[in-house]
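# Structural description and commentary
Each chain, written out:
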Amino acid sequence: MAEHTMKEASAKIKMREKENSEQWTTVIKPRTGWFDINLSELWRYRDLIALFVRRDFVAQYKQTILGPTWFLLQPLFTAIVFTVVFGRIAQIPTDGLPQFLFYMAGVTAWNYFAACLTKTSDTFVANTSIFGKVYFPRLAVPIAIVITNLISFTIQFVLFIAFTVYFYAQGSSIEPNIWVFAIPLLLIQMAALGLGVGIIVSSLTTKYRDLAYLVGFGTQLWMYATPIVYPISQIPAKWQWVFLFNPMAAVIGTFRYAFLGKSAVQLPQLALSAALTILVFFIGIVLFSRVEKTFMDTV
Amino acid sequence: MSDNVIRVENLYKEYRLGVLGHGTLARDLQSWWARVRGKEDPNTKIGHDYRSDGKKFLALENVSFEVKQGEVLGIIGRNGAGKSTLLKILSRVTAPTKGTVKIKGRIASLLEVGTGFHPELTGRENIYLNGAILGMTKKEIDKKFDEIVDFAEIEKFIDTPVKRYSSGMYVRLAFAVAAHLEPEILLVDEVLAVGDASFQKKCLGKMGEVAKGGRTVLFVSHNMPMVEKLCPRGILLEEGSLVCNSDIQHVLNRYKFADEDEVCRTPATLNLPNLGLEIRQVYLNKEYTNIKPYMPLAVELEIYAKNELHGLAFNLTISRDNCDSFIFSTSTMPHNNFEVVIKPGLNRIVCHIKELNLCSGTYYLGLGVSFPRVETIFFEREFLKFKIEDSMIRDSVLPSIPAYGLVYLDHTWWMSYGQ
């Protein structure tokens with residue numbers, strides 16, 4: 001009997017040795033650890049990300065008459081409406097800047113962030129049919145969304161620049177400055193924050209659908225909590241600290257300052273905003289990696 | 001040196017049953033709080049040794065097997081035996097609860113063809129998109145592009161959005177992309193049920209080619225003759241456990257033996273929570289007890305829906321053990337242009353076959369639910385098993401339809417002489 005178990009044990013050891021000598025390319029295991037994102041795999045699927053970007057961009061305006069012109073009309077009309085409602089009717093001051101340009105700057109930057117957030121927030125629910133059938137790094141979808149939005153942002157950004165040049169030529173009191181070169185960094189921050197919040201929501205909506213309803217008007221509320229339709233200088237000094245907890249406040253402020261001058265950039269605020277962004281982004285990635293493996297069972 | 005390409009070790013998959021509703025968040029917080037304090041989770045039952053204890057359900061229970069390089073393995077088992085769960089874990093759609101799977105080489109699944117097809121994009125764009133989703137790089141697709149278009153026979157329509165494709169073209173294109181994937185391991189789940197007979201043959205040929213090329217194929221199907229033809233070896237799953245792992249003849253015998261005492265499986269039910277749809281009953285001749293040749297057969301689906309649904313199509317098939325293809329197949333769309341409008345509450349859909357001219361024997365009723373050209377939501381070749389009993393043909397004095405034919409075709413004989 002003892003001999004028998006000995007034999008069994010040695011056989012087991014042999015098996016283990018054999019196993020080590022074998023080269024497995026993929027090992028599927030239950031969900032382990034709290035961080036499980038395979039970046040090199042994501043890189044291997046870069047062609048897929050590119051195709052997702054193409055699909056999202058092309059399919060968005062198929063069978064529309066105006067096509068990509070919509071990219072321009074959206075911020076244009078929003079800025080016009082804001083000018084009329086908040087500028088003319090409510091008479092909210094804009095730090096002496098041309099009202100239209102003031103709102104346009106806020107809307108252009110905010111749109112990018114809001115689009116990243118809302119569109120990534122239903123990653124799991126909207127892609128159930130694909131995710132349920134085939135494996136690819138799930139993160140490819142939200143990343144593609146962020147890139148797609150970058151394209152539409154670029155188009156809208158060009159429009160904004162055109163208006164800025166026009167107003168400058170007309171002799172408006174705008175002062176573009178060195179901070180213009182910080183725009184790429186601001187874009188990265190907005191993308192990271194939008195993606196972070198978006199994938200947190202998408203991870204949680206696999207179980208709690210309520211959040212899906214919250215996203216739409218939550219983003220709306222967030223916009224009003226950010227100095228888009230009003231300058232931060234209009235907020236009483238003793239309440240300005242509240243904006244420290246809104247990472248978007250510093251981003252929008254800096255974006256506007258870079259092109260228009262006025263309303264200063266406060267470095268500590270910007271640093272805190274960046275730190276918050278990194279935190280949110282990190283939490284998002286961790287949550288996402290936890291959910292992506294088994295969400296098919298709960299969705 | 002071992003040449004195993006897949007090793008499945010003590011695989012478990014557990015599903016939570018019941019509805020996840022408003023109570024979930026509170027319960028989750030409770031469990032989480034208990035864990036934080038190092039106490040026992042009040043929401044897990046201890047010592048549940050049943051397969052299902054009302055809250056949890058083991059779809060796979062301690063499954064272990066190995067697959068060698070170049071092997072074509074058939075995976076068979078009845079509805080809910082865990083076949084699809086196994087493929088889902090192998091294709092990494094979901095993670096196992098316990099146990100490991102080790103894989104050598106790239107794995108690709110044909111769980112459902114046409115995954116990720118976007119109706120607005122052209123055939124060309126969809127080939128690239130679909131290929132990339134399935135794991136190909138752009139370069140690989142470039143190389144295979146002409147072959148794929150050739151195989152799908154859609155040269156003329158390559159730059160047309162796929163929403164204008166016929167369902168046949170759609171399926172052909174989707175299969176063509178998947179078939180040219182060239183993964184080391186291919187998972188196939190019942191996809192060959194789609195398309196016309198000649199295309200099926202082509203697909204079978206492709207699968208054989210894939211297998212001959214030294215690649216490994218895992219084939220899940222209810223179509224026993226096809227499994228027998230394609231797979232030298234098979235595994236049989238029963239209620240989540242692997243009960244037989246042997247050469248295909250042995251496995252098939254075991255399957256048939258287990259199947260024998262089970263006759264007409266009414267009521268069969270199907271729950272499609274994604275659509276808020278539940279097929280509660282499928283009746284075969286609600287009023288009559290027996291199904292007889294040359295008598296009418298009424299298939300009635302009793303469907304309970306949560307909300308209104310348009311554009312859904314239901315597909316019925318009849319097949320038999322000893323026959324590869326379907327004996328009969330019908331769909332509410334597109335052949336019959338019968339538009340299904342599902343209303344909240346109870347819906348009844350009836351397919352009335354005036355004269356069931358099939359010979360006596362055991363048959364399977366297949367049920368499919370799909371959005372035509374968009375997505376097949378469900379298809380099960382052997383959804384319901386039924387027997388057609390021996391009987392007299394119509395009111396004639398003739399004995400039963402001979403059992404060595406498949407169908408009875410209405411015909412007459414006559415003779416003539418001389419000029």
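Residues numbered from 1 in each chain as written. Chains lettered and ligands numbered in written order. Predicted model: local features only at pLDDT ≥ 70, side-chain atom pairs only at ≥ 80, totals over all residues. Heavy atoms only, no water.

## Quick notes on the overall build of chain A
- Counting its secondary structure elements, chain A contains 13 helices and 1 strand.
- Walking chain A from its N terminus toward its C terminus, one meets helices and strands in the order α-β-α-α-α-α-α-α-α-α-α-α-α-α.
- The 299 residues of chain A split such that 48% are buried.
- Once local pairs closer than 6 in sequence are excluded, the contacts in chain A between residues at least 24 apart make up 81%.
- For chain A, the exposed area adds up to about 15000 Å²; of that, 68% sits on carbon and sulfur atoms. (Helix = DSSP H or I, 4+ residues; strand = E, 2+ residues; numbered from the N terminus. Buried < 20%, exposed > 50% of the residue type's maximum accessible area, 1.4 Å probe, protein only. Contact = heavy atoms within 4.5 Å. Areas by Shrake-Rupley, 256 points an atom, 1.4 Å probe, with all protein chains shown as cover.)

## Things to note about the layout of surface pockets
- The computed volume of the second largest pocket comes to approximately 990 Å³.
- Looking at the second largest pocket, it is lined by 39 residues, and the ones nearest its centre are A:Thr26, A:Asn38, A:Glu41, A:Tyr135 and B:Arg92.
- Looking at the lining of the second largest pocket residue by residue, the class counts come to 19 nonpolar, 10 polar and 10 charged. (1 Å grid on protein atoms, 1.4 Å probe; cavity = no way out; pocket = protein on both sides within 12 Å on 5 of 7 lines; lining within 4 Å. Points joined across faces, edges and corners; volume = space filled by probe spheres on them. Nonpolar A, V, L, I, M, F, W, Y, C, P; charged D, E, K, R; others polar.)

## Some words on the sheet that holds strand E4 (residues 98–103) of chain B
- Spatial ordering of the open sheet is given by E1(A)-E4(B)-E1(B)-E2(B), a layout of 4 strands whose pairing is antiparallel. Each edge of the open sheet carries a strand with a single partner, namely strand E1 (26–28) of chain A together with strand E2 (56–68) of chain B. Sheet twist, expressed as the average angle between the axes of neighbouring strands with direction ignored, equals 15°.
- Two strands pair when backbone bridges link them, and strand E1 (residues 4–16) of chain B and E2(B) are joined in this way by 9 bridges, in the antiparallel orientation. Across the sheet, B:Ile6 pairs through a bridge with B:Val67, a residue of E2(B).
- The strands that helix H2 (residues 83–90) of chain B touches are E1 of chain A together with E1, E2 and E4 of chain B; relative to E1(B), the one it contacts most, it runs at about 115°. (Pairing = 2+ DSSP bridges. Axes fitted to C-alpha atoms, helices over the stretch in contact; angles between N-to-C directions.)

## Quick notes on the pairing of strand E17 (residues 361–371) of chain B
Residues and elements named next belong to chain B.
- Of all the 11 residues making up E17, 9 are buried; the element is thus mostly covered by neighbouring parts of the structure.
- Sheet analysis places strand E13 (residues 309–319) next to E17, joined by 7 bridges and oriented antiparallel. Its bridge partner lying in E17, Phe 314 is registered against Val 369.
- Sheet topology note: the E17/strand E18 (residues 375–388) ladder contains 10 bridges and is antiparallel. Following the sheet pairing, Val 369 is matched in E18 by Phe 378.

## So, the interface of chain B and chain A
- On the chain A side, the residues contacting the 51 residues of chain B number 39 residues.
- Between chain B and chain A, a total of about 4000 Å² is buried, with carbon and sulfur atoms accounting for 59% of that surface.
- Counting the surface chain B buries against chain A, the share from its top three residues, B:Arg92, B:Val93 and B:Ile133, is 16%.
- For the pair chain B and chain A, the number of links is 2 salt bridges.
- B:Glu125 is paired through a salt bridge with A:Arg54; the nearest N and O atoms lie 2.5 Å apart.
- The tally of links between chain B and chain A comes to 4 residue pairs in polar contact (both at pLDDT 80 or more). (Buried area = accessible area lost by both parts, 1.4 Å probe. Salt bridge = Lys/Arg side-chain N within 4 Å of Asp/Glu carboxyl O. Polar contact = N/O pair within 3.5 Å; in protein donor to acceptor, adjacent residues only side chain to side chain.)

## Section: helix H3 (residues 123–133) of chain B
- Within H3(B), 10 of the 11 residues are buried, which leaves the element mostly enclosed by the surrounding structure.
- Buried within H3(B) are the following residues: B:Gly123, B:Glu125, B:Asn126, B:Ile127, B:Tyr128, B:Leu129, B:Asn130, B:Gly131, B:Ala132 and B:Ile133.
- On its buried face, H3(B) sits against helix H3 (46–60) and helix H7 (128–131) of chain A together with helix H4 (138–152) and helix H5 (167–179) of chain B.
- Remark: B:Gly135 follows H3(B) within two positions and exhibits a positive phi of approximately 105°.

## Re the packing of helix H9 (residues 183–205) of chain A against helix H10 (residues 210–224) of chain A
Residue and element names in this part refer to chain A.
- Relative orientation of the contacting elements H9 and H10 amounts to 155°, with a least axis distance of 10 Å. By the criterion of interaxial angle, the relationship of H9 to H10 is roughly antiparallel. In this structure, H9 crosses over H10, and the sense of that crossing is right-handed. On H10, the residues touching Leu 193, Val 197, Val 201, Leu 204 and Thr 205 of H9 are Leu 211, Ala 212, Val 215 and Trp 222.
- Of the residues belonging to the contact of H9 with H10, the class tally is 8 nonpolar, 1 polar and no charged. (Parallel < 35°, antiparallel > 145°, perpendicular 65-115°, else oblique. Left-handed = near helix turned anticlockwise from the far one by under 90°.)

## Points about the environment of B:Lys387
Residue and element names in this part refer to chain B.
- Looking at the secondary structure, you find Lys 387 in strand E18.
- Under the relative-accessibility criterion, Lys 387 is labelled partly exposed at 44%.
- With 27 residues separating them along the chain, Lys 387 and Ser 360 place their C-alpha atoms 7.3 Å apart.

## Re the sheet that holds strand E10 (residues 270–272) of chain B
All names here are of chain B.
- In spatial order, the strands read E10-E11-E12-E16; together these 4 strands make up an open sheet with antiparallel pairing. Each edge of the open sheet is held by one strand with a lone partner, namely E10 and strand E16 (345–353). On average, each strand axis in the sheet is inclined to that of its neighbour by 20°, with strand direction left out of account.
- In this structure, E10 lies alongside strand E11 (residues 277–284), joined through 3 bridges in antiparallel fashion. In the sheet register, Leu 270 faces E11, and the bridge partner there is Ile 279.

## Remarks on the pattern of salt bridges
Residue and element names in this part refer to chain B.
- Using the criterion set out here, one finds 13 salt bridges over all chains in the structure.
- Taking the shortest distance from any N to any O, the salt bridge between Glu 278 and Arg 280 comes out at 3.6 Å.
- Judged by its relative accessible area of 28%, Glu 278 falls in the partly exposed class.

## Observations regarding a nonpolar patch on the surface
- On the surface, a nonpolar cluster with roughly 530 Å² of combined accessible area is contributed by A:Phe77, A:Ile80, A:Val81, A:Val84, A:Val85 and A:Ile89.
- Topologically, A:Val84 is positioned in helix H4 (residues 69–89). (Patch = residues over 30% accessible without salt bridge, like charges linked within 9 Å, V, L, I, M, F, W, Y side chains within 5 Å.)

## A closer look at the nonpolar core
- Within the largest apolar cluster, 107 residues are counted, with the highest numbers of intra-cluster contacts made by A:Phe136, A:Phe255 and B:Ile127.
- Those residues in contact with B:Ile127 that sit more than four places away from it in its chain are B:Ile141, B:Phe145, B:Ile148, B:Val149, B:Ile158, B:Leu173 and B:Val177.
- Grouped together as the second largest cluster of nonpolar side chains are 34 residues, B:Leu275, B:Ile303, B:Leu356 and B:Phe383 included. (Core = buried A, V, L, I, M, F, W, Y, C linked by side-chain atoms within 4.5 Å.)

## Examining the packing of aromatic side chains
- On inspection of all chains with the given rule, the structure shows 31 aromatic pairs over all chains.
- Clustering of aromatic rings is evident, with ring pairs tying together A:Tyr112, A:Phe153, A:Phe157, A:Phe160, A:Phe255 and A:Phe259.
- Cation over ring: A:Arg138 sits above A:Phe136, and NZ or CZ is 5.4 Å from the ring centre.
- The cationic tip of B:Arg92 hangs over the ring face of A:Tyr135; the distance from NZ or CZ to the ring centre is 3.8 Å. (Phe/Tyr/Trp six-rings, centres within 6.5 Å; stacked < 30°, edge-to-face > 60°. Lys NZ or Arg CZ within 6 Å of the ring centre and 35° of its normal.)

## Some thoughts on unusual backbone geometry
All names here are of chain B.
- Backbone geometry places Asn 10, a non-glycine residue, at a positive phi of 45°.
- As for its placement among the helices and strands, Asn 10 is situated in strand E1.
- The exposure class assigned to Asn 10 is partly exposed, which follows from its relative accessible area of 41%.
- One non-glycine residue with positive phi stands out, namely Asn 62, at about 50°.
- According to the relative accessible area criterion, Asn 62 is partly exposed, its value standing at 39%.

## Re the confidence of the model for chain B
All names here are of chain B.
- Per-residue pLDDT for chain B averages 77, and the proportion of residues at 70 or more is 77%.
- Model confidence for chain B, summarised as mean pLDDT per element, is weakest for helix H1 (residues 23–36) at 65 and strongest for strand E8 (residues 233–238) at 90.
- Segment residues 19–23: pLDDT under 50, and 1 contact once partners within four positions in sequence are set aside and those in other chains are kept.
- Taken as a whole, residues 45–54 scores under 50 in pLDDT and shows 15 contacts with residues more than four places along the chain or in a different chain.
- Interface scoring of the predicted complex returns ipTM 0.74; its pTM is 0.69. (pLDDT = per-residue confidence, 0-100.)

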